Every structure is written in C-alpha cells, then in structure tokens.
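Summary of structural features
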Amino acid sequence: MLKALTAIVVALPILLTSTQSYALGRTGKITGIFLSSPGNMPFRISLDNAPPECTGGILYLDTTHPNYQAYVSGLMLAFSLGKQVTVYYVQAQAVPDSSLPACAIQEYGFS
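Residues numbered from 1 in each chain as written. Predicted model: local features only at pLDDT ≥ 70, side-chain atom pairs only at ≥ 80, totals over all residues. Heavy atoms only, no water.

**Focus: the nonpolar core**
- Ile45, Leu59, Val87 and Ile105 are the most contacted members of the largest nonpolar core, which has 20 residues in total.
- Secondary structure elements with two or more residues in this core: strand S2 (43-47), strand S3 (58-61), helix H2 (68-81), strand S4 (84-94) and strand S5 (101-110).
- Element by element, the count of residues in this core is highest for H2, at six residues.
- Within the second largest apolar cluster, six residues are counted, among which are Ala23, Tyr60, Ala102 and Ala104. (Core = buried A, V, L, I, M, F, W, Y, C linked by side-chain atoms within 4.5 Å. Buried < 20%, exposed > 50% of the residue type's maximum accessible area, 1.4 Å probe, protein only. Helix = DSSP H or I, 4+ residues; strand = E, 2+ residues; numbered from the N terminus.)

Here is the structure:
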C-alpha cells in the first residue's frame, strides 16, 4: 500500500504539467468528503476556496473516470494530511433538484 501511495504522490506533478486547456483550476484545502452511489456523483469533495461556478462548491469524480481509484486514494490522503490541493475541473451535469452545475474533477495535485 505504501508503494501505491508513493506512486500516486510521484505521479501527481506529472499530471499537473499536462492539464487540459479547457479545465478551470482552484487551490485550497479539502474541507469535506461525501460518498454516494454510482451515477450520483459518487465521490465528492468541497474546498475551503470553493469555486463559485460549482453548486455548493461541489467537485466530484465519477466511477467511469479511468483513474477513479487512484484519484480517490490521493484526494483522501490529501484530506487526511491537511494538504492544499490544486484541482482542475470542468462544469458538468446539473445537480439533482438544482439548476446549477456541479464540477467534474479532471486532474489534481498536492504537495
């Protein structure tokens, strides 16, 4: 498990250098994690510096993301260590019972 976490931490700066040009970025500390069922924004985080264009500052990761497990592990590690993260995201689907969009996490990194 330690090797897997080390690999995640080492790979994150590489991810940041390849950020997609259409993604928005925000840096802050994760203030909360919420888990839900697949198809319902199953892994959500909130930041202390929440993006105003995301409903309630919700940034989510869907189980269809190819690196879902690695991203979730890294975000939970950053949360538990109290680290600042830089999250790149795009506005995505509407949140149920709201006309405002949530934001899908594209890439992130922390140090």
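**So, the packing of aromatic side chains**
- With the rule as written, the count across this model stands at one aromatic pair.
- Seen in terms of ring centroids, Tyr71 and Tyr108 are 5.1 Å apart; in terms of plane orientation they differ by 90 degrees. Their pairing is edge-to-face. Note that Tyr71 is positioned in helix H2 and Tyr108 in strand S5, a separation of 37 residues in sequence.
- The exposure class assigned to Tyr108 is buried, which follows from its relative accessible area of 0%. (Phe/Tyr/Trp six-rings, centres within 6.5 Å; stacked < 30°, edge-to-face > 60°.)

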